[in-house]
Amino acid sequence: MEPAKINDLNICVATENGSGSASSNNILFKAIFKMGIPCSSKNMFPSNIQGLPTWYQIRASAEGYYARKDVIDVMVMFNDATAAQDIHRVRDGGVILYDGSTLLPAHLKREGVQYLGVPANKLVQELVPASPLRTKQRNMLYVGALAYLFGIDMAVIEEVLHDTFGKKPAVIESNLVCIEAGYKYMKENGLAQTIARLAPIPNGNKGKIVTEGNTACALGAIYGGATTISWYPITPSSSLAESMEYYLPRLRKMKDGKNSYAIVQAEDEIAAAGMVVGAGWTGARAMTSTSGPGLSLMNEMIGLAYFAEIPCVFFIIQRGGPSTGLPTRTQQADIQLAYYSSHGDTRHILLFPHDMNSCFDLARRSFDFAERFQTPVFVMSDLDLGMNLWSSDPLKLNAEPFDRGKLLTAEQLEQWEKQGKKFRRYFDYDGDGIPYRTVPGNPNRKAAYFTRGSGHDADARYSEDEKDYKETLDRLRRKFETARKYVPKPIVEMTEGVRTGVICFGSSYEPTRDARERLRALGLKTNHLLLRALPLTDESKKFLAAHDVIYLVEQNRDGQMAAIFKEEWPELAAKIRSVCIYDGLPATAGEITRQIRAYEAQATTGAEEWREKKLIASI
């Protein structure tokens, strides 16, 4: 028998959506966090209101790995509809915790796992008066059972309950009664397991917080000066706008008590985008949040903002597609849709957060990029980052002043006139593709110009002249090239002599980090590049050139980011191998490792066959 692992545990809770398990799961997760153990959670829930299966995974990892684990140590089997499948999700030697109120049917028994039953239905009927809450309170029983089995102190559970329901003592008490009952039942009946134990790590999470990416992005946008948000509800982006609705009244008030912001729930995504473009035109730092289907609808307005050169920010929380797809699953499949958004020749700035601090920081900086380059900017998150709970270092506020770019005041225009210079809205004075702009309300009579989405010349006059049109498109491309110097650089880890590289971005970072360690243990050392933005920069090209083979990890079917790399540097394209994960679930280190090992095995076999053919030819 293997010794019990300390603080290396993956728990999966299988329940029915709408049964109230979210509260139970959050209490369990936060209790592990309060013990100082690095941990993360993944909520795999259906897109209907209730009734379908949902799974919630908690990973505790003393080594600080936050990706969804590909091996389940403990299955909480509290959904009869999925039980026959759930028993096979558990690894050999793992534990199945089930509702032991009735005998377990024969078809739900398998060899090689330990079954532990807690009579949740019977206990909750004794503890909770007949009410709609009884079904929800039943889930608290497995919290108590797991607390006993794996060593979570009940004092920690109580602390989490007070943090969660501080102003509702009756709710705290009713939940605690059920949790204690589950704990007591396991203890009094001598039920135990030997696979793992959770042990407190003193100061292990000291200073850390628990949050989700949508909240971190919302706070970053507020600190980045966002004053206008127009949005239409769509999973999984709605909670970003809802977080702004919560925090803006607390953080953005004028001295006279009036609001200094506007939040508009539009009638649809097209209207939301139109409002954002209009607000950006007036000089507001304006944004919207949406997902793939909403981004599809916003394309015409994005094209207007691109061609008329209006700053605005789009937060894209990606989910499974095409069409309605998998609304409550995660993917990185809107990369090309955003990068080339709208018809005609367009290319946009994309920012890729990979953890809570980068969600906050890139959300804040996105408004600076939008104003500096007078263009739409896209913050590309996804459901995994946006809606799951992550333990994180405190969000770091950078107090740099806002970058308004080439925004001319009335006084500056007056100085231009004295110098004999003329304000031409779309003229490239500096050779970087970025023109100067004014916003409505500028009292200088020379500040006005006509904004249009049709052909125009450097003075913003209507033009269908082929020379004017080509010059405009060339300047927009020149502006995009300038952006390469300013977008966030990739984070590169290099060891001299290593000839295999791995590139990832966004929520693929955590499973890739875990996979690289597994590959190293198997004898394959890798260097790493974490991409943080498009357009691509010289650092990415140098990384490609420095390696014999590059594995590019992304969560879509067609290798969308790999295609962008190959288009950018076709002479290096043959080095790139796509590692694509697109089942809608958060990526695992196991799947990344499997695909890379398959490539390596194929390469080795190919080399051996080539040597054999060469030997035969020489004979």
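Our subject is the structure that appears above.
The rules behind these values
Residues numbered from 1 in each chain as written. Predicted model: local features only at pLDDT ≥ 70, side-chain atom pairs only at ≥ 80, totals over all residues. Heavy atoms only, no water. Phe/Tyr/Trp six-rings, centres within 6.5 Å; stacked < 30°, edge-to-face > 60°. Helix = DSSP H or I, 4+ residues; strand = E, 2+ residues; numbered from the N terminus. Buried < 20%, exposed > 50% of the residue type's maximum accessible area, 1.4 Å probe, protein only. Patch = residues over 30% accessible without salt bridge, like charges linked within 9 Å, V, L, I, M, F, W, Y side chains within 5 Å. Areas by Shrake-Rupley, 256 points an atom, 1.4 Å probe, with all protein chains shown as cover. Salt bridge = Lys/Arg side-chain N within 4 Å of Asp/Glu carboxyl O. 1 Å grid on protein atoms, 1.4 Å probe; cavity = no way out; pocket = protein on both sides within 12 Å on 5 of 7 lines; lining within 4 Å. Points joined across faces, edges and corners; volume = space filled by probe spheres on them. Nonpolar A, V, L, I, M, F, W, Y, C, P; charged D, E, K, R; others polar.

Section: the packing of aromatic side chains
Then, number 1: One pass over the full model with this rule turns up 18 aromatic pairs.
Then, number 2: Measuring from ring centre to ring centre gives 6.4 Å for F423 and Y449, while their planes differ by 70 degrees; the resulting arrangement is edge-to-face. Residue F423 is located in the loop between α15 (410-418) and α16 (466-483), and its partner Y449 is located in the loop between α15 and α16; the two are separated by 26 residues in the primary sequence.
Then, number 3: Since its relative accessible area comes to 22%, Y449 is described here as partly exposed.
Then, number 4: Arranged with centres 5.8 Å apart and planes meeting at 75 degrees, the rings of Y429 and Y436 form a pair that is edge-to-face.
Then, number 5: Connected via pairs of aromatic rings, a cluster forms that spans W416, F427, Y429 and Y436.

A few points about a nonpolar patch on the surface
Then, number 1: A cluster of nonpolar side chains, namely Y223, L251 and L397, defines an oily patch on the protein surface of about 280 Å² accessible area.
Then, number 2: Summarising the element assignment, Y223 is placed in helix α7 (residues 213-223).
Then, number 3: Assessed through its relative accessible area of 38%, Y223 is described here as partly exposed.

Concerning empty space enclosed by the protein
Then, number 1: For the structure shown, the criterion picks out five cavities of 30 Å³ or more.
Then, number 2: Within this model, the largest cavity holds a volume of roughly 70 Å³.
Then, number 3: Surrounding the largest cavity, Y306, R347, H348, I349, F373, T375, L476, K479, F480 and A483 form its lining.
Then, number 4: The element that contributes the greatest number of residues to the lining of the largest cavity is α16, accounting for four residues.
Then, number 5: Residue composition of the lining of the largest cavity, grouped by class: six nonpolar, two polar and two charged.
Then, number 6: Estimated volume of the second largest cavity: approximately 50 Å³.

Structural notes on the pattern of salt bridges
Then, number 1: Counted according to the given criterion, the structure contains 45 salt bridges.
Then, number 2: The closest approach of N and O atoms between R138 and D99, which form a salt bridge, is 3.1 Å. Placement of R138 in helix α4 (residues 133-150) and of D99 in strand β6 (residues 90-99) is noted, with a sequence separation of 39 residues between them.
Then, number 3: Overall, D99 belongs to the buried group, its relative accessible area being 13%.
Then, number 4: Residues E517 and R520 are paired through a salt bridge, measuring 2.7 Å at the closest nitrogen-oxygen approach. A residue pair is termed a helical-turn pair when its members lie 3 or 4 positions apart in one helix, as E517 and R520 do in helix α17 (residues 509-521) at three residues.
Then, number 5: The class for E517 is partly exposed, based on a relative accessible area of 31%.
Then, number 6: Exposure remark for R520: the relative accessible area of 46% places this residue in the partly exposed category.

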